[in-house]
Amino acid sequence: MLKQLAVVLIGLSSPAIAQTVEVETFTGSVSVEAGPDKIAVFDLAAMDTLQALGVAVDGLVSPVYLPYLESAATGTTAVGSLFEPDFEAVNAMQPDLIIAGGRSSEQVPELAKIAPTLDMTIYDDVVGEGLARLEAYGAIFDKADEAAALKAGFEAQLQAAKDAVADKGTALIVMTNGPKVSTYGVGGRFGWLHSALDLPEAVDGVEQSTHGEAVSFEFIRDANPDILLVVDRLAAIGTDGDNAKATLDNALVHETKAWANGNVLYLNPAPIYIAGGGIQSMTQTLKDIESAF
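Quick caveat: nothing in here was measured; it's all calculated off a predicted structure. (Residues numbered from 1 in each chain as written. Predicted model: local features only at pLDDT ≥ 70, side-chain atom pairs only at ≥ 80, totals over all residues. Heavy atoms only, no water.)

What follows covers the layout of surface pockets. The rolling of a water-molecule-sized probe over the atoms marks out the regions of remaining empty space. Its volume calculated, the second largest pocket comes out at about 150 Å³. Lining the second largest pocket, in full, are L131, A132, L134, E135, G138, A139, A144, A147, A148 and K151. Of all the elements, helix α6 (residues 126-140) adds the most residues to the lining of the second largest pocket, at 6 residues. Class assignment for the residues of the lining of the second largest pocket results in 7 nonpolar, 1 polar and 2 charged. (1 Å grid on protein atoms, 1.4 Å probe; cavity = no way out; pocket = protein on both sides within 12 Å on 5 of 7 lines; lining within 4 Å. Points joined across faces, edges and corners; volume = space filled by probe spheres on them. Helix = DSSP H or I, 4+ residues; strand = E, 2+ residues; numbered from the N terminus. Nonpolar A, V, L, I, M, F, W, Y, C, P; charged D, E, K, R; others polar.)

The geometry of α6 relative to helix α7 (residues 144-165) is characterised by a closest axis approach of 7 Å and an angle of 160 degrees between their N-to-C directions. As judged from the angle between their axes, α6 and α7 are roughly antiparallel. Between α6 and α7 lies a crossing of right-handed hand. For the pair α6 and α7, contact is made by V127, L131, L134 and G138 and by A144, A147, L150, K151 and F154, respectively. (Axes fitted to C-alpha atoms, helices over the stretch in contact; angles between N-to-C directions. Parallel < 35°, antiparallel > 145°, perpendicular 65-115°, else oblique. Left-handed = near helix turned anticlockwise from the far one by under 90°. Contact = heavy atoms within 4.5 Å.)

This part is about empty space enclosed by the protein. Evaluated as defined, the whole model comprises 1 cavity of 30 Å³ or more. In this model, the largest cavity occupies a volume close to 40 Å³. D43, A45, A46, T49, M120, I122, G130, R133, Y137, G277 and G278 are the residues that line the largest cavity. Among the secondary structure elements, those contributing two or more residues to the lining of the largest cavity are α2 (44-53) and α6. Its residues placed into classes, the lining of the largest cavity shows 5 nonpolar, 4 polar and 2 charged.

Hydrogen bonds between backbone groups are what pair the strands of a sheet, and the pairing can be parallel or antiparallel. Across the sheet, which stays open at both edges, the 5 strands sit in the order β10-β9-β8-β11-β12 with mixed pairing between neighbours. Each edge of the sheet is formed by a strand with only one pairing partner; in this case those strands are β10 (213-215) and β12 (264-266). Going across the sheet, the axis of each strand differs from the next one's by a mean of 35 degrees, ignoring polarity. As judged from the 5 bridges shared by strand β8 (residues 171-177) and strand β9 (residues 180-184), these two strands associate in the antiparallel manner. (Pairing = 2+ DSSP bridges.)

Once that is clear, we can look at the sheet that holds strand β3 (residues 39-41). On the basis of which strands lie adjacent, the open sheet formed by 5 strands has the order β5-β4-β3-β6-β7 and parallel pairing. If you trace the sheet from one side to the other, it starts and ends with β5 (77-78) and β7 (117-119), each paired once. Relative to β7, strand β6 (residues 97-100) runs parallel, the two being bridged by 3 bridges. Residue pairing in the sheet places I99 in a bridge with L118 of β7. Sitting on the sheet, α2 is in contact with β3, β4 (59-60) and β6, with an inclination near 130 degrees to β3.

What the rule picks out here adds up to 2 aromatic pairs. Between F26 and Y123, the aromatic rings sit 6.5 Å apart at their centres with planes inclined by 70 degrees, giving edge-to-face as the arrangement. Within this pair, whereas F26 is found in the loop between β1 (20-25) and β2 (28-33), its partner Y123 is found in the loop between β7 and α6, the two being separated by 97 residues in sequence. Geometrically, the ring pair formed by Y184 and F190 is edge-to-face, given 4.7 Å between the ring centres and 65 degrees between the ring planes. Taking relative accessible area as the criterion, Y184 reaches 2% and is therefore assigned buried. With a relative accessible area of 0%, F190 lands in the buried category. Here the guanidinium or amino end of R103 rests over the ring plane of Y273, the centre of that ring lying 5.1 Å away. It is K245 that lies over the ring of Y266; its NZ or CZ is 5.4 Å from the centre. (Phe/Tyr/Trp six-rings, centres within 6.5 Å; stacked < 30°, edge-to-face > 60°. Buried < 20%, exposed > 50% of the residue type's maximum accessible area, 1.4 Å probe, protein only. Lys NZ or Arg CZ within 6 Å of the ring centre and 35° of its normal.)

Okay, α2 next. Counting buried positions over the 10 residues of α2 gives 8, a clear majority of the element. Those residues of α2 that sit buried are L44, A45, A46, M47, D48, T49, L50 and L53. With a side-chain oxygen lying 3.0 Å from the backbone nitrogen of A46, the N-terminal cap of α2 falls on D43. Of the residues trailing α2, G54 is marked for its positive phi of about 85 degrees. (Polar contact = N/O pair within 3.5 Å; in protein donor to acceptor, adjacent residues only side chain to side chain.)

A separate point is the pairing of β8. For a regular strand, the rule is simple: side chains alternate between the two faces of the sheet. Counting buried residues in β8 gives 6 out of 7 residues, a clear majority hidden from the surface. Here β8 pairs with strand β11 (residues 227-232) via 6 bridges, running parallel. Considered in β11, the bridge of A171 is made with I227. In this structure, the hairpin formed by β8 and β9 is closed by a connection of 2 residues, where G178 is found at a positive phi of approximately 70 degrees.

Our focus in this paragraph is the packing of α7 against helix α15 (residues 279-292). One way to put it is that α7 packs onto α15 with a least axis distance of 8 Å and a crossing angle of 25 degrees. It follows that α7 is roughly parallel to α15 by the angle criterion. The way α7 lies across α15 gives a crossing that is left-handed. Seen from α7, the contacting residues are L150, F154, Q157, L158, A160, A161, A164 and V165; seen from α15, they are I279, M282, T283, L286, K287, I289 and E290. Residue composition of the contact of α7 with α15, grouped by class: 11 nonpolar, 2 polar and 2 charged.

Below is the structure:
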């Protein structure tokens, strides 16, 4: 009888075997423990999607730049910036899972010494990788139904935006940084607006670079796009300086069809620049484009 009781007690005291799920990350397929209790996040595209799924986090970078993420940041531990983790703060909170990516991807090896760390960078295929991250978070946090609903909403919005720009001509995507201007082609960080919307490029062969190809106002005039899509970097990061409207309001840009026809669209910059690939960011950008046309 005593032996039987001992066996029962041992069985009751044995720790439960943690369930793991296999998810796609920037570095490939990774096995991760499901339902982590304490989470630190170093990527705002990830935080964008986690918030949409209803996942609360314990540690988050600061600032978050995006007003719609302020509520998610309330009450969290500040764990550094997008580029520079506060390793002491991360050590102190002892997270079960760290989610990094994009601007923080170089810090993944050091963060992984503290806790399991996922590199969820979104790089080449913004839409495809963004939806893959959504699916991964759904699996990790038991939010598969919520993830499916968000994906369906995104796909409906994508179709609506695609219909809105159909047969509207060519587009040029530019980012202003004070008085400086760069352009992005289909292979650039904002190029998903071309590929996902079937929106023809005004100029072929734009240099593929994270920071875009630096261009002049003469370049914009000669490209002569029907649509000019504009991202204001200084506005995205809350820095003072010439805004995009002031930068582009000049005689050379005035010669374009986009300007003449009122088809210069200043995108909400922080979501697409800071949280590109987040499900809320992508959906909102598509809504803005649909509304404009």
